[in-house]
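# Coordinate inspection notes
What follows is the residue order along each chain.
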Amino acid sequence: MARIVQKFGGTSVADVDRIKAVARRVKAEVDAGNQVAVVVSAMSGVTNQLVAHVDGVSSLYDAREYDVVVSSGEQVTSGLLALALQALGVSARSWLGWQIPVHTDGVHGKARIEGIENDELSRRMDGGEVVVMAGFQGLGPDNRITTLGRGGSDTSAVALAAALSAHRCDIYTDVDGVYTTDPRIVSKARKLNKITYEEMLEMASVGAKVLQTRSVEMAMKHGVRVEVRSSFADVRGTLVVDEDEIVEQELVSGIAYSRDEAKITLVQVADRPGVAASIFGPLSEASINVDMIVQNVSHGSGSARTDLTFTVAKTDLSRAVATLEERRDDLGFTALTADPDVVKISVIGVGMRSHAGVAQRMFQCLADKGINIQVISTSEIKVSVLVAEEYTELALRALHTAYGLDTE
Ligand code: ADP
Ligand code: ASP
Ligand code: MG
């Protein structure tokens with residue numbers, strides 16, 4: 001007998017028929033003699049709708065109330081799935097984050113899980129009951145509901161698997177695994193049987209939405225065996241594993257994109273010590289994360305002026321511009337330009353550690369397509385470039401071919 005956690009994403013619980021199908025899948029695991037805990041997302045589109053309601057009421061919203069509203073989608077699906085299981089004769093009950101509780105820090109809207117109390121859940125599972133947990137939510141130190149950031153049900157599932165010492169954590173979604181790139185954009189994308197935690201972490205952090213970044217961090221830390229698989233087809237998915245479990249390592253394992261960033265350029269800021277700190281300090285105080293940064297060539301010799309370009313989350317763009325404009329006199333820039341129409345494209349692969357030329361191939365491929373690179377950043381196993389958003393599909397497809405990742 002094994003203890004397993006199954007997580008079902010928004011499309012998998014999109015309507016009552018699909019929730020019934022999920023119940024049948026859960027029952028199959030129970031009938032096979034397993035102890036099962038299920039984590040559910042809200043029905044697809046519901047969380048977006050809830051966020052829109054909040055935006056419609058107030059743009060300067062109180063994040064604690066945002067969490068009360070946007071966490072509600074998962075409450076509905078947890079109850080419906082418990083009912084669907086009961087209808088099949090399976091003993092089941094729903095659990096909201098605060099009832100377990102799933103303890104989180106107090107960063108409303110983007111909280112981190114700190115621990116899950118599992119005695120009662122374990123006892124019930126030992127007694128044959130299926131636990132149906134609402135994903136995406138927890139309880140903060142202020143005794144209020146928190147949410148874990150968009151896509152956070154993945155993290156709920158992995159955290160629950162770690163807390164319950166589960167043998168597996170199966171993430172059921174609308175694709176049948178992790179692909180070399182988003183299969184909805186590149187039809188020649190190839191499914192990976194296995195991917196390392198490290199590569200999955202990097203892929204997620206640069207935009208591959210198939211798993212939330214924190215869920216991969218947590219799986220890596222606690223050694224949770226995660227498999228990404230399809231809710232709709234009965235085929236093997238993609239296992240996220242340690243590096244030593246992968247026999248043949250590709251140079252590049254994946255390509256990801258993110259449309260969530262925006263670019264800011266400060267023209268002619270003083271080129272002297274302390275300037276970067278005086279620009280990025282206020283942004284960080286306003287909880288605005290800066291991702292890619294490039295300092296351009298100075299204008300003329302002796303002018304000691306330089307252009308500074310960097311990216312922030314699109315959702316933070318207007319706040320970032322306001323924060324910088326307020327300090328225009330101190331910072332001394334002559335102009336500020338903001339461009340939300342950009343996309344960050346990244347190639348990822350642990351093979352980069354030992355092989356040169358990966359970045360060069362990327363630059364050459366984009367040049368051949370006439371795509372201008374605006375900003376570049378690298379890490380040990382990743383190269384990212386910022387290009388105009390209109391080139392997203394073209395760049396992804398061309399790079400996918402250039403790195404030999406296309407399916408035959
Ligand atoms: P869920 O609602 O089940 O959590 P998500 O929409 O969050 O599903 O994640 C699944 C989606 O991730 C897929 O539909 C696909 O478009 C996207 N995706 C992006 N990159 C990849 C990738 N490399 N492999 C698989 N899916 C990817
Ligand atoms: N329902 C939440 C969202 O849409 C959490 C999730 O689906 O993982 O972001
Ligand atoms: Mg998701």
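Everything here concerns the structure above.
Our subject in this report is the structure included herewith.

Reading guide: rules and limits
- Residues numbered from 1 in each chain as written.
- Chains lettered and ligands numbered in written order.
- Predicted model: local features only at pLDDT ≥ 70, side-chain atom pairs only at ≥ 80, totals over all residues.
- Heavy atoms only, no water.
- Pairing = 2+ DSSP bridges.
- Helix = DSSP H or I, 4+ residues; strand = E, 2+ residues; numbered from the N terminus.
- Axes fitted to C-alpha atoms, helices over the stretch in contact; angles between N-to-C directions.
- Contact = heavy atoms within 4.5 Å.
- Near = heavy atom within 4 Å.
- Polar contact = N/O pair within 3.5 Å; in protein donor to acceptor, adjacent residues only side chain to side chain.
- Areas by Shrake-Rupley, 256 points an atom, 1.4 Å probe, with all protein chains shown as cover.
- Nonpolar A, V, L, I, M, F, W, Y, C, P; charged D, E, K, R; others polar.
- Parallel < 35°, antiparallel > 145°, perpendicular 65-115°, else oblique.
- Left-handed = near helix turned anticlockwise from the far one by under 90°.

### A word on the sheet that holds strand β18 (residues 342–348)
Pairing is antiparallel in the open sheet, where four strands are placed in the order β13-β18-β20-β19. In this open sheet, the two strands that pair with only one neighbour each are β13 (254–258) and β19 (375–379). Averaged over all pairs of adjacent strands, the angle between strand axes in this sheet comes to 20°, irrespective of strand direction. The strands touched by helix α12 (residues 358–368) are β18, β19 and β20 (382–388); relative to β20, the strand with the most contacts, the crossing angle is about 15°.

### So, the site of ligand 2
In the vicinity of ligand 2, the residues found are Ser-41, Ala-42, Thr-47, Glu-74, Phe-136, Arg-150, Gly-151, Gly-152 and Ser-153. In this structure, an oxygen atom belonging to ligand 2 sits 2.8 Å away from a main-chain N or O atom of Gly-151. One of the backbone N or O atoms of Ser-153 is found 3.0 Å from an oxygen atom in ligand 2. The protein chains hide 86% of the 260 Å² of surface that ligand 2 would expose on its own. Residues that form the shell around ligand 2 fall into these classes: two nonpolar, five polar and two charged.

### Looking at the packing of α12 against helix α13 (residues 392–402)
At a minimum axis distance of 10 Å, the contact between α12 and α13 shows a crossing angle of 130°. Looking at the two axes, α12 sits oblique to α13. You can see that α12 and α13 cross each other, and the crossing is right-handed. Residues Arg-361, Met-362, Cys-365 and Leu-366 of α12 form the contact with α13, whose own contacting residues are Ala-395, Ala-398, Leu-399 and Ala-402. Across the contact of α12 with α13, the residue classes break down as seven nonpolar, no polar and one charged.

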